Amino acid sequence: MLLDASRGPLECHVDESEKTLVDLVQLARLALVGRPHDVQAFVQRLSRRYRGSAPELAEQLQSLLQESPTRQSPLRREAASPLPVDLESRLQLLRVDQHPTVDVEPIWDPTVESALQQVISERRRTEELEREGLSPTRSLIFTGPPGVGKSLAARWLARELGRPLLTLDLSAVMSSYLGRTGTNVRHVLDYAKGVDCVLLLDELDAIAKRRDDATDIGELKRLVTVLLQEIDDWPSTGLLIAATNHSELLDPAVWRRFELQVAFPMPTEAAVRRSVDTFLGSREASTQWRDVLAMTLRGLSFSDIEREVTLARRSAVVKGQALEEAIGNVIRARVEPMARSERGQIAMWLTEAGVSQRQVHDLTGVSRDTIRKRSRATDDTNARTEE
């Protein structure tokens, strides 16, 4: 009976036993090397795996996870394990912000806001996810041009989750001894795995370039492999965020390691206007001048908009000017180096917004005669369209 009719089930039983032995060895290895968060992540994985074949075992494992002791301090290992450093330079490889804050509330694109809120909601409903054999999103990658809010989003998430923000310092991790760079990356991620934190890998393209890049050397290709292995082992208790300005440089295998990809676009016209209001705050500046400033800042990133608005505010204080006068100076400085066609377009925007021709000429340098001619041409075009 066992040799014939039961042969198939017996072989299946042997396969399951072998898998169980492999699981036990892996669990023992993680426990013996002192990686409690990896142990928790592995037990969570086992609970999901056995949910169908051994529901009682899966339930017991889930109960153990829920009963596991919690720590008061997010950086509970900091006293016992100092921050990792580069052995050559002795520079710390991580920047730690224990209580991250943001100066002003960010202005998110609707798609970005939806993704970030999804992450927050998952972290606040972890137990419900676990009951369904799921875990919250553990890794994200932010893409987009500089200054659109990628690093700010990581800081905002850390603040909303009440967790410290750890940032990988790429200037320190890139050792002059290339073989040590991979070790630095591994030390950073191993340390962060034991901390309930948000880990930001900023400028990921600096260490995760395509492995088919013919101009690169073998050591950097091995560095990408190390990074991929560490991301695969990242526990669901933490949140790993990578950010890049140059997504085209990333190795294709990197994309598959991140559960959620969030693209940060340049600000829309409405977002530019909102950001001008945010950075000016309640300071005295008429609605018209705020609109004019927003028009001339179209096409800039949020960080560039903040820089220009801050420049106007500083000038107003230092020179004893009215804020509107300082805003006018910023607008002139922005428009002056533009090509004639661009200055003409800005002049038409301002005219359509109700700014007087004298002020438009003062701000853009476009003659009032040219402004009148363009306005008449626009009016004629609009009239023909209506007919």
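Above this text is the structure in question.
Values in this document were obtained by computation on a predicted structure and should not be read as measured data.

K.L.:
For this particular structure, what's the right way to read the overall build of the protein chain?
P.N.:
Assigned secondary structure in the protein chain consists of 17 helices and six strands. Contacts in the protein chain between residues far apart in sequence, at least 24 positions, make up 72% of those at least 6 positions apart. For the protein chain, the computed accessible surface area is about 21000 Å², with 51% contributed by carbon and sulfur atoms.

K.L.:
Sorry if this is basic, but what is going on with the packing of helix H4 (residues 110-124) against helix H6 (residues 150-161) here?
P.N.:
When two helices pack together, their arrangement is captured by the angle between the axes and the distance separating the axes. Where H4 meets H6, the closest approach of the two axes is 11 Å, and the angle between their N-to-C directions is 25 degrees. Taken together, the axis directions place H4 and H6 in an arrangement best described as roughly parallel. Classified by chirality, the crossing of H6 by H4 is right-handed. The residues of H6 that touch H4, namely those facing Leu116, Gln117, Val119, Ile120, Arg123 and Arg124, are Ala153, Trp156, Leu157, Glu160 and Leu161.

K.L.:
Is there a simple way to think about the sheet that holds strand E5 (residues 239-244) in this case?
P.N.:
By definition, the strands of a sheet pair up through backbone hydrogen bonds, in either a parallel or an antiparallel sense. Read from one edge to the other, the open sheet built from six strands follows the order E1-E3-E4-E5-E2-E6, with strand pairing classed as mixed. Lying at the two open borders of the sheet, with one neighbouring strand each, are strand E1 (94-97) and strand E6 (260-263). In this sheet, adjacent strand axes meet at a mean angle of 20 degrees when their direction is disregarded. Alignment of strand E2 (residues 139-143) against E6, held across four bridges, turns out to be parallel. Residue pairing across strands places Thr143 opposite Ala263, the latter belonging to E6. Together, E2, E5 and E6 form the strand contacts of H4, whose direction differs from that of E6 by roughly 145 degrees. Its contacts with the sheet put H6 on E1, E2, strand E3 (165-168), strand E4 (198-201) and E5, and the angle it makes with E5 is roughly 165 degrees.

K.L.:
Where do I start with the pairing of E2 in this structure?
P.N.:
Side-chain direction in a regular strand flips from residue to residue, so the side chains alternate between the two faces of the sheet. Counting buried positions along E2 yields five of five residues, so the element is predominantly enclosed. Here E2 shows two buried faces, one formed by Ser139, Ile141 and Thr143 and the other by Leu140 and Phe142. The pairing of E2 with E5 spans five bridges and is parallel. The residue of E5 that forms the bridge with Phe142 is Ala243.

K.L.:
How do you make sense of the environment of Lys150 when you look at a structure like this?
P.N.:
Note that Lys150 resides in helix H6. In this structure, the C-alpha to C-alpha distance between Lys150 and Asp202, residues 52 residues apart in sequence, is 8.9 Å. The residues touching Lys150, leaving out its near neighbours within four places in the chain, are Phe142, Thr143, Gly144, Pro145, Ala243, Thr244, Asn245 and Phe264. In this structure the side chain of Lys150 is engaged in a polar contact, spanning 2.9 Å, whose partner is the backbone oxygen of Pro145.

K.L.:
Whenever I open this one, H6 confuses me. Can you help?
P.N.:
Turn by turn, an α-helix covers 3.6 residues, leaving residues three or four places apart pointing in a common direction. Its twelve residues place the ends of H6 17 Å apart at the C-alpha level, agreeing with the 16 Å of an ideal helix rising 1.5 Å per residue. Within H6, the full set of buried residues consists of Lys150, Ala153, Ala154, Trp156, Leu157, Ala158 and Leu161. Those residues of H6 that are buried lie in contact with H4, E2, E3, E4 and E5.

K.L.:
Which parts of the structure should I look at to understand the packing of helix H14 (residues 323-335) against helix H16 (residues 357-364)?
P.N.:
Running from amino to carboxyl end, H14 crosses H16 at an angle of 60 degrees, the nearest separation of the two axes being 8 Å. Relative to H16, the element H14 lies oblique. Contacts from Gly328, Ile331, Arg332 and Val335 of H14 reach H16 at Asp362, Leu363 and Thr364. By residue class, the composition of the contact of H14 with H16 is three nonpolar, two polar and two charged.

Conventions adopted
- Residues numbered from 1 in each chain as written.
- Predicted model: local features only at pLDDT ≥ 70, side-chain atom pairs only at ≥ 80, totals over all residues.
- Heavy atoms only, no water.
- Helix = DSSP H or I, 4+ residues; strand = E, 2+ residues; numbered from the N terminus.
- Contact = heavy atoms within 4.5 Å.
- Areas by Shrake-Rupley, 256 points an atom, 1.4 Å probe, with all protein chains shown as cover.
- Axes fitted to C-alpha atoms, helices over the stretch in contact; angles between N-to-C directions.
- Parallel < 35°, antiparallel > 145°, perpendicular 65-115°, else oblique.
- Left-handed = near helix turned anticlockwise from the far one by under 90°.
- Pairing = 2+ DSSP bridges.
- Buried < 20%, exposed > 50% of the residue type's maximum accessible area, 1.4 Å probe, protein only.
- Polar contact = N/O pair within 3.5 Å; in protein donor to acceptor, adjacent residues only side chain to side chain.
- Expected span 1.5 Å × (residues − 1).
- Nonpolar A, V, L, I, M, F, W, Y, C, P; charged D, E, K, R; others polar.

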